[in-house]
Amino acid sequence: MSIDVLLYWVGMAAVAVNALTGVLDSSRKQMDLIGALLVAIATALGGGTVRDLLLDRNVFWVADQTYLMVALVTGLIVFFVVRRTNLPPQLFLIPDAIGLALFTIAGTQIALQWHVPWLAASLMGVITGVVGGVLRDILCNDVPSVFLKGELYATAAWAGAISLIVLQESGLAAVNATWAAMGIVILLRGLSLRFGLTLPALGGPR
Amino acid sequence: MSIDVLLYWVGMAAVAVNALTGVLDSSRKQMDLIGALLVAIATALGGGTVRDLLLDRNVFWVADQTYLMVALVTGLIVFFVVRRTNLPPQLFLIPDAIGLALFTIAGTQIALQWHVPWLAASLMGVITGVVGGVLRDILCNDVPSVFLKGELYATAAWAGAISLIVLQESGLAAVNATWAAMGIVILLRGLSLRFGLTLPALGGPR
Amino acid sequence: MSIDVLLYWVGMAAVAVNALTGVLDSSRKQMDLIGALLVAIATALGGGTVRDLLLDRNVFWVADQTYLMVALVTGLIVFFVVRRTNLPPQLFLIPDAIGLALFTIAGTQIALQWHVPWLAASLMGVITGVVGGVLRDILCNDVPSVFLKGELYATAAWAGAISLIVLQESGLAAVNATWAAMGIVILLRGLSLRFGLTLPALGGPR
């Protein structure tokens, strides 16, 4: 599989997964159907949109509205499933971690292909992975959970983005480096959720 | 009247009306003159700015600062009127509905002229109509009211944008389709405010 | 010193100073190292990024990642200093005023060089100066303090930007006008903090 084909399908999967988390999160608020769908769209497309604006690239869902349709259809299905059944909130965490990994690594790859210098490229990956969730939290009037202490979220994304660059620089094929780096993001996020792995923090103990 | 001339004046009117709602909303907060004017500018220019960035178009108020002047002068006048008289808060709702209709339909038309595919174009309309108000609510530290259940706001915008596209595709002249679609936005918003028309929603009863 | 060299170093200093305020502000929240660094980066690079997007200019820290490195290293140093010593919160105000002056005037100069009309150029300066702090406040879930009554913040920025344009139009050399306008921003901000200088405001007395 070529790296471009891989990135296309990874991006599409990330859009679906993030749309799902958007609806799940908005279900805790008083939102109607269109409100929930717009939060789903913002969560699914927000990170990649900011990346494309920063790179002065054609915005991906304007150039190919399949992404928008995937976000919309996923959002619709999840909306009506959530209305009928009460899903446990933890269910939210697994697709969220996968979406974070997919978007972060796809975003970093795209920035590298766009000849962005390495540190800025890794930040592009973090932005692609994290901004959708930040938008979701702001639209739902939650504190953006991304930066809070006690969970490796942005940290997992950034570690994965840097890993991707190091692995590719050391000669690993792009497709393999992509899979490995996505694994690192999910692993770090999982370790943090399961074992409470944390970083040093400011402020008193939580 | 050509469609370009119509869109120019509709956009200018929408800027004035949204600047007005920005000052009225900020009057409930502790803002000074410049704070209120900047909220007015963000409300008036925010939606169209995001649309222009997404389309990689020249930002409209940078290319033609008349829009900025209209926002500023409207904001100044409203500021000093509000200081002297106590306007009822419901007054806010009518210009807000008109601004939503003007911006949404103008934004959709511009995206169609820019050859954006139809679903993405309708979302551009919603973004143009809604983002100014979301910025206003965030800067005033309110919950963005746009997505909440119990009112057709983003819903009215999206229905109007889709109507515009359907009407134009079925052969109606652009100018007539523009007026009709703006009417649909205002009608739906009005029905929601007057008769409590709503959409299905997640979460318990309000 | 040429105006371009001056703007380069003024911009770099503003990035460092704003990164510092980002970490200081996030230290009042429960943020871990990477969370604090990302807030520092958003505070340091946010205003200039929005300006560059609006001007359709290459985003400054993507074109030259030195800015990003300066933000990151400053953030790291401040993070570990803050962990060991308890800095008084007022310390925050002086670098914040300097950062506001540096960014506002550099942003206005860049917009003028980009042939933006004068009123829009002054607003570009305000955006460059203020958006980083607004992002910081939103990410830290504070009310954006920028627009509140009782302090000349956005007001000081806008007065400085207009002064720069007037001084340059009246024939003062660009480098001298730059220094003078930065002085005006710091002076107004200082007078507001020291003597409670304010503008007329809406709403009841504070």
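Just so we're clear, the structure is a prediction, and the values are computed from it rather than from any experiment.

**Here we look at the relation of the copies chain B and chain A**
- Of the transformation superimposing chain B on chain A, the axial component is 0.0 Å and the angular component is 120°, with the fit at an RMSD of 0.0 Å. On the angle and the small slide along the axis, the relation comes out as a three-fold axis. In terms of C-alpha distance to the rotation axis, chain B has Leu53(B) as its closest residue, with the C-alpha 4.2 Å off the axis.

**Some details on the pattern of salt bridges**
- Applying the stated criterion across every chain yields a total of 15 salt bridges over all chains.
- Close ionic contact of Arg57(B) with Asp52(B) constitutes a salt bridge, the shortest N to O distance being 2.7 Å.
- Using a relative accessible area of 22% as the deciding quantity, one classes Arg57(B) as partly exposed.
- The class of Asp52(B) is buried, set by a relative accessible area of 0%.
- For Asp96(C), the salt bridge identified is with Arg136(C), shortest N-O distance 3.4 Å.

**Quick word on helix 6 (residues 118-139) of chain B**
All names here are of chain B.
- An ideal rise of 1.5 Å per residue puts 32 Å on 22 residues; helix 6 measures up with 32 Å between its terminal C-alpha atoms.
- Within helix 6, 18 of the 22 residues are buried, which leaves it mostly tucked inside the rest of the structure.
- Phi turns positive one or two residues past the end of helix 6, at Asn141, with a value near 60°.

**Some remarks on the relation of the copies chain A and chain C**
- Mapping chain A onto chain C calls for a screw motion: a turn of 120° about the axis and a shift of 0.0 Å along it, with 0.0 Å RMSD after fitting.
- Looking at chain A, a mere 9% of its interface residues are interface residues in chain C too, so the copies touch through different faces.

**A closer look at the confidence of the model for chain A**
- With 92% of its residues at a pLDDT of at least 70, chain A reaches an overall mean of 86.
- Interface confidence for the predicted complex, given as ipTM, is 0.86, next to a pTM of 0.90.

**Observations concerning the packing of aromatic side chains**
- Counted by the stated rule, this structure contains twelve aromatic pairs over all chains.
- Geometrically, the ring pair formed by Phe79(C) and Phe80(C) is edge-to-face, given 5.1 Å between the ring centres and 80° between the ring planes.
- Residue classification places Phe79(C) among the buried positions, given a relative accessible area of 0%.
- Using a relative accessible area of 38% as the deciding quantity, one classes Phe80(C) as partly exposed.
- Grouping aromatic residues by their ring pairs yields a cluster made of Tyr8(A), Trp9(A), Phe60(A) and Tyr67(A).
- Over the ring of Phe60(B) we find Arg51(B), and its NZ or CZ is 5.7 Å from the ring centre.

Analysis parameters
- Residues numbered from 1 in each chain as written.
- Chains lettered and ligands numbered in written order.
- Predicted model: local features only at pLDDT ≥ 70, side-chain atom pairs only at ≥ 80, totals over all residues.
- Heavy atoms only, no water.
- Least-squares fit on C-alpha atoms with pLDDT ≥ 70 in both.
- Salt bridge = Lys/Arg side-chain N within 4 Å of Asp/Glu carboxyl O.
- Buried < 20%, exposed > 50% of the residue type's maximum accessible area, 1.4 Å probe, protein only.
- Helix = DSSP H or I, 4+ residues; strand = E, 2+ residues; numbered from the N terminus.
- Expected span 1.5 Å × (residues − 1).
- Contact = heavy atoms within 4.5 Å.
- pLDDT = per-residue confidence, 0-100.
- Phe/Tyr/Trp six-rings, centres within 6.5 Å; stacked < 30°, edge-to-face > 60°.
- Lys NZ or Arg CZ within 6 Å of the ring centre and 35° of its normal.

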